[in-house]
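# Structural overview
Okay, here's what each chain looks like letter by letter:
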Amino acid sequence: MSFDVLSPGGLDYLPCRYGNSKVLFRGPRRSLDQPFVAFFGGTTTYGKFIQTPFPDMVEASLGTTCVNFGSLNGGVDVFATDPYLREESIMAAATVIQITSPRNMSNRFYRVHPRRNDRFVEASALLRAIYRDVDFAEFNFTNHMLQRLQLVSPDRFQPVLEELRTAWNARMRLVLSQIPGKTILLWASDTAPEDMDDSIESEPAFVTRDMLKTVIPMATEYVEVVASPEAIEASTDGMVFSEMDAPMARQMLGPQVHRDIATALGPVLKSML
C-alpha cells in the first residue's frame, strides 16, 4: 500500500497495477477480459478525494466496464511511454483521454520521472545555460521549479513555455496516432480553454484553445466541461480528505464537476459502444 494514496481521515483508493505496468492506478482492479472503456488522465481522472470519480459514474450509467487508468499528477508521458497501456488502449472499445498540462512531461529542457510525472529529475544543459542563476538541485517537483523560473525571469521563461507546448502537441499526436479505436479528448477544468493564460496556477496549466485545435481532429470526439460557478462554489462538498489535505482539496474539481463530466461523456460514449 502506498502512503501517497492513503492517509488518516482520507480515502483508501485500493491502488493496483495492470499487467506489467509499473504505474499505480486507482482500484479496485477491473477485469480486462470483457469489453471496456479506458480512461487515461491525471489527478482528476484518478479522482483524488472523490468517493465516486466520473469513470465510475459513467460505468453505472452505461453498464459497461470502465477502467480508471488515471494517475496522480500524471501527464501525457504516463500513457505515451508505457507499452502495456498502449496495448490496452488498442483493446478498449473506446478510450477517454483527459487533457493534462505539459508541465509534467519530459522535454528538451528537463526530464520528469516516467511514472510520477510531477517529479523533477534533472535539467538539461540548455536550461542550465538559460538560467545560470538558478540552482536546480533544490527542486523535487516540476511545479516548484517552473514557478521559480517564471518568477526569476518571465522573459527567459518564454522559450521554456514554447518548448512545453510544442512537446505536448507532439506527444498528444503520437498518443492519438497509436490508438486505432474510438477516442474522446476530455477538457475538464474550472476555466474555458480560451480564457487560459500563462499562469502555472491554472489547470491544465499552459494549454490553450489553439493547442487543442491541433489535436482535436485526430480524436473521434471532443468533450468540454467547464465547471459552473455553482460547482466551483460547492468545491469540497462531498469530498473525503484529512485536515492536513484540506488546502490541496480546495484546488481540486469537486464531486459536482465529476457528475457534470459523467453527464457529458455518457451520451457520447453510448453512441460509440
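Quick look at the structure, then.

The rules we used
Residue numbers run consecutively from 1 along every chain, following the written order of its sequence. With the structure being a predicted model, the display of local features is reserved for residues of pLDDT at least 70 and the display and counting of side-chain atom pairs for 80 or more, all residues being used for whole-chain, interface and lining totals. Neither water nor hydrogens contribute to the side-chain values; these are computed over all heavy atoms in the structure. Going along the chain from the N terminus, every DSSP run of H or I of four or more residues is numbered as a helix, and every run of E of two or more is numbered as a strand. Relative accessibility thresholds used throughout: buried, under 20% of the residue-type maximum; exposed, over 50%; partly exposed, between the two (1.4 Å probe, protein chains only). In this description, contact between two residues means that some pair of their heavy atoms is separated by no more than 4.5 Å. Among buried residues, the Ala, Val, Leu, Ile, Met, Phe, Trp, Tyr and Cys ones that are joined through side-chain atoms within 4.5 Å form a nonpolar core. When DSSP finds at least two bridges between two strands, those strands are taken to pair. Here, a salt bridge means any side-chain nitrogen of Lys or Arg that lies within 4 Å of a carboxyl oxygen of Asp or Glu.

### Observations concerning the environment of Phe 136
Tracing the backbone through its elements, the reader meets Phe 136 in the loop between α5 (125-130) and α6 (142-152). For Phe 136, a relative accessible area of 3% puts it in the buried group. For the pair formed by Phe 136 and Ala 123, sequence separation is 13 residues and the distance between their alpha carbons is 7.0 Å. Residues within four places of Phe 136 in sequence aside, it is in contact with Phe 120, Ala 123, Leu 127, Arg 128, Tyr 131, Met 145 and Leu 149.

### Some points on the nonpolar core
Core analysis: the largest hydrophobic core is formed by 34 residues, its most contacted members being Phe 69, Ile 97 and Trp 168. Within the residue set of this core, elements represented by two or more residues are β1 (36-41), β2 (65-70), α3 (76-81), α4 (83-91), α7 (154-177), β6 (182-189) and α8 (209-215). The leading source of residues in this core is α7, at five residues. Apart from residues lying up to four places away in sequence, Phe 69 is in contact with Tyr 18, Phe 25, Phe 36, Ala 38, Phe 39, Phe 40, Gly 41, Leu 85 and Glu 88. Listed in part, the 23 residues of the second largest apolar core include Val 58, Ile 184, Leu 265 and Met 272.

### Details of the pairing of strand β7 (residues 221-226)
The side chains of a regular strand alternate, residue by residue, between the two faces of the sheet. Note that β6 and β7 share six bridges and pair parallel. Residue pairing in the sheet places Leu 185 in a bridge with Tyr 222 of β7.

### Focus: the side chain of His 258
In this structure, His 258 sits in helix α11 (residues 255-272). Excluding residues within four positions of it along the chain, His 258 makes contact with Thr 44, Gly 47, Ile 50, Pro 53, Phe 54, Met 57 and Leu 253.

### Considering the pattern of salt bridges
All told, the structure shown has eleven salt bridges when counted by the stated rule. One salt bridge connects Glu 59 with Arg 30, and the closest N-O pair in it is separated by 2.6 Å. With Glu 59 in helix α2 (residues 54-62) and Arg 30 in the segment before β1, the pair connects residues that are 29 residues apart, well separated along the chain. The class for Arg 30 is partly exposed, based on a relative accessible area of 23%. Here Glu 138 and Arg 148 are joined by a salt bridge, their closest N and O atoms 3.0 Å apart. With Glu 138 in the loop between α5 and α6 and Arg 148 in helix α6, this residue pair connects regions lying ten residues apart in the sequence. Classification of Glu 138 by relative accessible area gives partly exposed; the value is 37%. Residues participating in the shared-partner salt-bridge network are Glu 194, Arg 209 and Glu 224.

Worth remembering: the numbers are spatial, not functional.
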